[in-house]
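Observations on the three-dimensional arrangement
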Amino acid sequence: MGMYMDVHRGMKGITSAQLKEAHEADAAIEKEEGVHFERAWADPQSGTVYCLSTGPSAEAVQRIHERAGHAADEIHAVPLKV
């Protein structure tokens with residue numbers, strides 16, 4: 001099981017409620033791909049959203065995001081953490 005940090009751009013002005021709604025949309029179907037979305041962060045001013053997840057592959061993470069209606073612009077494997 002890998003860990004992934006993904007980046008979404010173009011979400012300028014996102015609110016806390018919208019971020020929570022997007023995260024919940026992912027969580028509602030994440031098990032179908034063996035993914036778990038741990039946490040999400042957003043910068044409403046720049047429109048950048050970051051999501052941390054675990055799953056079998058970056059492709060599985062992207063499939064969940066696509067189905068939830070917000071495909072990631074970038075997905076990075078996170079092989080090391082402290």
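Residues numbered from 1 in each chain as written. Predicted model: local features only at pLDDT ≥ 70, side-chain atom pairs only at ≥ 80, totals over all residues. Heavy atoms only, no water.

Side note on the nonpolar core
Stated formally: Definition used in this section: a nonpolar core is a set of buried Ala, Val, Leu, Ile, Met, Phe, Trp, Tyr and Cys residues joined via side-chain atoms within 4.5 Å. Categorising residues by exposure relies on relative accessible area from a 1.4 Å probe, with only protein chains included: less than 20% of the type maximum marks a residue as buried, more than 50% marks it as exposed, and the intermediate range marks it as partly exposed. Secondary structure elements are defined from DSSP: runs of H or I of at least 4 residues count as helices, runs of E of at least 2 residues count as strands, and each element is numbered from the N terminus. Residue contacts are defined here by distance: any two heavy atoms, one from each residue, within 4.5 Å place the two residues in contact.
Among the nonpolar cores identified, the biggest contains 12 residues, and these are Tyr 4, Ile 14, Leu 19, Ile 29, Val 35, Phe 37, Ala 40, Val 49, Cys 51, Ala 60, Val 61 and Ile 64. Elements that contribute at least two residues to this core include exactly helix H1 (16-29), strand E2 (36-43), strand E3 (48-55) and helix H2 (58-68). At 3 residues, H2 tops the list of elements feeding residues into this core. Not counting residues up to four positions away in its chain, the partners in contact with Val 35 are Glu 30, Ser 53, Thr 54, Gly 55, Pro 56, Ala 60, Val 61 and Ile 64.

Observations regarding the pattern of salt bridges
Worth spelling out the cut-off: A side-chain nitrogen of Lys or Arg and a carboxyl oxygen of Asp or Glu constitute a salt bridge if their distance falls within 4 Å.
Here the structure, examined in full by the defined rule, presents 4 salt bridges. Salt-bridge contacts for Arg 9 lead to Glu 74; the nearest nitrogen and oxygen are separated by 2.5 Å. Of this pair, Arg 9 sits in the loop between strand E1 (2-8) and H1 while Glu 74 sits in strand E4 (residues 74-77); the two residues are 65 residues apart in sequence, bridging distant segments of the chain. With a relative accessible area of 27%, Glu 74 lands in the partly exposed category. Measuring nitrogen to oxygen at the nearest pair gives 3.8 Å for the salt bridge that ties Glu 24 to Lys 20. With a gap of 4 residues between them, Glu 24 and Lys 20 both fall in helix H1, about one helical turn apart. Judged by relative accessible area, Lys 20 falls into the exposed class, the value being 52%.

Some points on the pairing of E1
Applied cut-off: Pairing between two strands is assigned when DSSP locates at least 2 bridges connecting them.
A large share of E1 lies buried, amounting to 5 of its 7 residues. Alignment of E1 against E3, held across 7 bridges, turns out to be antiparallel. Opposite Val 7, over in E3, you have Tyr 50 as the bridge partner. One ladder, built from 4 bridges, connects E1 with E4; its direction is antiparallel. Within the sheet, the bridge partner assigned to Asp 6 lies in E4 and is Ile 75.

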